There are 2 protein chains.
Amino acid sequence: MPAYERVLIAVDPVIFTITHDHLQVLLRQREKEPFKGKYELPGGLVQHGETAELALSRKLTEILGTQNVFFTQFHTFTAPQRDPRARTASIGFIALVSRDKIPAGEEWLSVDQLPLLAFDHKDIITKARAYLRQHLDAELLRQFLPEKFPLNNLQLVHEIIMQEKYDNRNFRKKMVAAGIVEETGESEQNVSHRPAKLYRFKS
Amino acid sequence: MPAYERVLIAVDPVIFTITHDHLQVLLRQREKEPFKGKYELPGGLVQHGETAELALSRKLTEILGTQNVFFTQFHTFTAPQRDPRARTASIGFIALVSRDKIPAGEEWLSVDQLPLLAFDHKDIITKARAYLRQHLDAELLRQFLPEKFPLNNLQLVHEIIMQEKYDNRNFRKKMVAAGIVEETGESEQNVSHRPAKLYRFKS
DNA sequence: CCAAAAGTGTTAGAACTACACCCATGC
DNA sequence: GCATGGGTGTAGTTCTAACACTTTTGG
């Protein structure tokens with residue numbers, strides 16, 4: 001057995017979205033051993049000649065059916081026994097999609113109520129969630145929302161990711177003052193309460 | 001040729017220190033092809049049964065002769081041709097050492113004046129430097145300084161990493177008010193100017 | 001008119017910025 | 001006594017945090 005082992009490289013996307021006032025992760029139920037029946041991240045192996053980013057992009061297109069999904073690396077997992085079949089290093093990615101772009105037929109589980117997962121995928125998700133909290137900024141926020149949205153939705157997204165409540169007046173003032181959002185001039189339609197003005201992210 | 005290629009996993013530590021008022025990186029001159037004569041990061045391959053962290057720890061002990069070196073992953077590089085000999089993915093780490101712990105016999109180059117480097121090591125260093133700026137906090141700062149230090153040295157370290165000047169009075173007030181440092185009661189010795197009080201990081 | 005969510009202003013305290021001179025030591 | 005870096009206070013501004021009621025729509 002050589003000291004320098006050749007290993008497989010996987011990419012594991014933690015695809016987040018926000019629905020039903022909760023942060024959700026896309027997971028799939030395994031059909032084969034090991035961990036048959038357990039949920040897992042929809043990852044895949046890096047192919048010959050591909051970068052990890054290209055492999056991930058390929059995977060995301062396959063899963064979500066669109067090219068324009070934000071993603072970024074956050075950590076690489078290398079525990080020798082993390083996959084019992086063969087030594088595999090996994091490059092963990094975060095990917096973010098807004099509710100209005102998620103395809104039908106996929107299973108989303110709330111990150112706060114995950115069952116036992118296959119492999120070390122729970123660790124991967126935990127680390128991804130921490131990354132999201134720590135790196136939350138306008139660039140990430142906009143991934144969760146459609147082009148036009150009420151300010152209160154933005155606040156809700158903030159609160160769900162940061163797990164913290166904000167004062168509504170202060171939040172609105174800050175977002176506008178910081179130049180993160182601007183009014184579109186449009187409003188919500190057909191809601192059974194005062195319609196909200198729609199905002200968009202600036203530049 | 002199989003679609004799923006097995007690859008080598010390297011760990012490449014970007015070891016930073018601050019000397020001569022500049023951020024320096026530990027580099028070595030390659031003795032063999034490819035890139036013979038060019039400088040490279042002192043990386044190594046992950047061995048059988050090792051995590052990347054363990055491999056890095058082993059490497060750092062080998063290079064610096066001490067176990068207590070702060071390090072953290074920051075990015076994984078997977079371009080297929082990054083090493084012409086064999087496909088190798090490299091997990092980039094940052095490691096930080098204070099000037100008083102650096103061993104003799106190593107070459108340190110200023111990050112602002114690097115020559116052409118072997119492989120994609122320039123990219124790795126550029127990304128490491130950006131990570132350092134973005135994640136600078138008390139935990140990282142303390143790695144650059146000895147146990148006891150004058151406040152002005154702390155300010156200098158800050159300025160070098162952030163590439164920005166600070167007001168001396170404001171900086172001192174902030175560090176003390178934020179509870180990052182505290183006085184030791186000791187002072188510098190044998191300096192041909194007013195001796196500075198020595199501080200230490202709190203808790 | 002009721003329910004539901006949207007929207008709005010003020011004030012007190014905290015944090016941040018800008019700014020210039022005196023102090024302690026060695027030689 | 002001079003050169004060298006160490007050390008200090010104040011005032012204006014900006015940012016943050018706390019707080020409760022009115023508005024607009026659909027049903």
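Rules behind the numbers
Residues numbered from 1 in each chain as written. Chains lettered and ligands numbered in written order. Predicted model: local features only at pLDDT ≥ 70, side-chain atom pairs only at ≥ 80, totals over all residues. Heavy atoms only, no water. Near = heavy atom within 4 Å. Polar contact = N/O pair within 3.5 Å; in protein donor to acceptor, adjacent residues only side chain to side chain. Helix = DSSP H or I, 4+ residues; strand = E, 2+ residues; numbered from the N terminus. Nonpolar A, V, L, I, M, F, W, Y, C, P; charged D, E, K, R; others polar. Phe/Tyr/Trp six-rings, centres within 6.5 Å; stacked < 30°, edge-to-face > 60°. Buried < 20%, exposed > 50% of the residue type's maximum accessible area, 1.4 Å probe, protein only. Contact = heavy atoms within 4.5 Å. Buried area = accessible area lost by both parts, 1.4 Å probe. Salt bridge = Lys/Arg side-chain N within 4 Å of Asp/Glu carboxyl O. Domains from an automatic or database assignment. Least-squares fit on C-alpha atoms with pLDDT ≥ 70 in both. Pairing = 2+ DSSP bridges. Expected span 1.5 Å × (residues − 1). Arc of directions from axis to C-beta.

## A closer look at the protein's contact with DNA strand C
Taken together, 20 residues lie around DNA strand C, and Asn152(A), Arg172(A), Lys173(A), Lys197(A) and Val191(B) are the ones closest in. When the atoms of DNA strand C within 4 Å of the protein are grouped by moiety, sugar and phosphate amount to 44% of the total. Between DNA strand C and the protein, one listed contact pairs a base oxygen with a side-chain N or O atom of Lys173(A) at 2.8 Å. Side-chain polar atom of Asp167(B) to a base nitrogen of DNA strand C: 3.3 Å apart, as the coordinates give it. Every element with two or more residues in the surface near DNA strand C is listed here: helix H5 (168-177) of chain A together with helix H5 (168-177) of chain B. Each residue belonging to the surface near DNA strand C can be placed in one class, and the counts come to 4 nonpolar, 6 polar and 10 charged.

## So, the packing of aromatic side chains
The description of two aromatic rings rests on the distance between their centres and on the angle between their planes. Applying the stated criterion across every chain yields a total of 12 aromatic pairs over all chains. With a centroid separation of 6.2 Å and an interplanar angle of 70°, the aromatic rings of Phe74(B) and Phe77(B) are classed as edge-to-face. You'll find Phe74(B) and Phe77(B) in the same group, each marked buried. Here the aromatic residues Phe74(A), Phe77(A) and Tyr131(A) are joined through ring pairs into a cluster of three or more.

## Some points on the interface of chain A and chain B
Think of interface size as the accessible area that goes away when the parts come together; that is how it is often given. The partner chain B presents 29 residues to the 29 residues of chain A that form the contact. When residues of chain A are sorted by the area they lose upon contact with chain B, Tyr4(A), Arg6(A) and His48(A) head the list and together hold 23% of the total. Connecting chain A to chain B are 0 salt bridges. Counting across the interface, chain A meets chain B through 15 residue pairs in polar contact (both at pLDDT 80 or more). For the side of chain A that touches chain B, the elements supplying multiple residues, two or more each, are strand E1 (8-19), helix H1 (52-64), strand E5 (70-77) and strand E6 (88-96) of chain A. Considering each element in turn, the side of chain A that touches chain B owes the most residues, 3 residues, to E5(A). Among the residues forming the side of chain A that touches chain B, the class breakdown is 15 nonpolar, 9 polar and 5 charged.

## What to know about the domain arrangement of chain A
Residue and element names in this part refer to chain A. One can read the domain layout of chain A as domain 1 (8-135) and domain 2 (139-201). Put simply, the middle of domain 1 and the middle of domain 2, counted by C-alpha atoms, are 28 Å apart. Residue-level contacts link 17 residues of domain 1 with 12 residues of domain 2. Counting the surface domain 1 buries against domain 2, the share from its top three residues, Ile-18, Phe-70 and Arg-133, is 38%. Across the contact surface, domain 1 and domain 2 share 0 salt bridges. Across the contact surface, domain 1 and domain 2 share 3 residue pairs in polar contact (both at pLDDT 80 or more). Of all the elements in the fold, those that place two or more residues in the side of domain 1 that touches domain 2 are E1, strand E2 (22-29) and helix H2 (121-134).

## Remarks on the relation of the copies chain A and chain B
When chain A is fitted onto chain B, the two copies agree to an RMSD of 0.1 Å after a turn of 180° and an axial shift of 0.0 Å. When the rotation and shift are considered jointly, the pair of chain copies conforms to a two-fold rotation axis. A shared binding surface is used by both copies, with 100% of the interface residues of chain A retained as interface residues in chain B.

## Digging into the sheet that holds strand E8 (residues 149-150) of chain B
Read from one edge of the open sheet, 3 strands run E8-E10-E9 (chain B), paired in antiparallel fashion. Looking at the sheet topology across the chains shown, the edges are occupied by E8 and strand E9 (181-187) of chain B.

## Considerations on H1(A)
Residue pairs three or four apart in sequence face the same way in an α-helix, which turns once every 3.6 residues. Residue and element names in this part refer to chain A. Spanning 13 residues, H1 covers 18 Å between terminal C-alpha atoms, matching the ideal 18 Å at 1.5 Å per step. By the burial criterion, the buried members of H1 are Ala-52, Ala-55, Leu-56, Lys-59, Leu-60, Ile-63 and Leu-64. Mapping the buried residues of H1 onto a view down its axis gives an arc of 140°, with all of them on the same face. Next to the buried residues of H1 lie E1, E2, strand E4 (44-45), E5 and E6. Positive backbone phi, at 70°, marks Gly-65, one or two positions downstream of H1.

## Focus on the side chain of Thr19(A)
Examined against the element boundaries, Thr19(A) turns out to sit in strand E1. For Thr19(A), a relative accessible area of 9% gives the class buried.

## Topic: the protein's contact with DNA strand D
Near DNA strand D there are 21 residues, and of these Arg194(A), Asn152(B), Arg172(B), His193(B) and Lys197(B) occur at the shortest range. When atoms of DNA strand D within 4 Å of the protein are split into backbone and base, the sugar-phosphate part holds 43%. Arg172(B) places a side-chain nitrogen or oxygen 2.6 Å from a phosphate oxygen of DNA strand D. Secondary-structure elements contributing two or more residues to the surface near DNA strand D are H5 of chain A together with H5 of chain B.

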